[in-house]
Amino acid sequence: MHWYAAAQLSSPDRYFKTAAFCLIVAVTLIAVGRHQRRTGRSIFNPDRPLRVANVLLPEAPPRKSQRVAGRIFLFFGWFLVLGVVINVINGIRAARG
């Protein structure tokens, strides 16, 4: 009847460490995703203006694929926030009993 109640819980320490790691990765993914979605530029290769022989070359226009990649980063970031919530709940349950 309650087959899920028989599952062995890990130590609370493991749940809280996993939640902290997921939170760090989630915040990073959300920050990168928001930047890419708003600007259309990668945070790793921002396509800034370039000076060559005293001539300023214009930056490339934003690409739609970078904005789509930003949305994908946001999706995975918020998905990991769900993992943080689940791990914190399991950690509290494991600490109680």
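Details of the structure are given in the entry above.
Values in this document were obtained by computation on a predicted structure and should not be read as measured data. (Residues numbered from 1 in each chain as written. Predicted model: local features only at pLDDT ≥ 70, side-chain atom pairs only at ≥ 80, totals over all residues. Heavy atoms only, no water.)

Asks: How should I be thinking about the environment of leucine 74 in this particular structure?
Replies: Looking at the element boundaries, leucine 74 is found in helix α2 (residues 64–96). Judged by relative accessible area, which is 13%, leucine 74 ranks as buried. With residues up to four places along the chain from it excluded, the contact list for leucine 74 reads Leu29, Ile30, Gly33, Arg34 and Arg37. (Helix = DSSP H or I, 4+ residues; strand = E, 2+ residues; numbered from the N terminus. Buried < 20%, exposed > 50% of the residue type's maximum accessible area, 1.4 Å probe, protein only. Contact = heavy atoms within 4.5 Å.)

Asks: Got a minute to help me understand the environment of tryptophan 78 in this structure?
Replies: Within the secondary structure, tryptophan 78 sits in helix α2. Distance from tryptophan 78 to isoleucine 30, taken between C-alpha atoms, is 7.2 Å for residues 48 residues apart in sequence.

Asks: Help me out: how do you make sense of α2 in this one?
Replies: Because each turn of an α-helix spans 3.6 residues, side chains separated by three or four positions in sequence point in the same direction. End to end, α2 covers 49 Å across 33 residues, agreeing with the expected 48 Å (1.5 Å per residue, within 8%). Looking at α2, one finds that the buried residues are Gln66, Gly70, Leu74, Gly77, Gly83, Val84, Asn87, Asn90, Gly91 and Ala94. (Expected span 1.5 Å × (residues − 1).)

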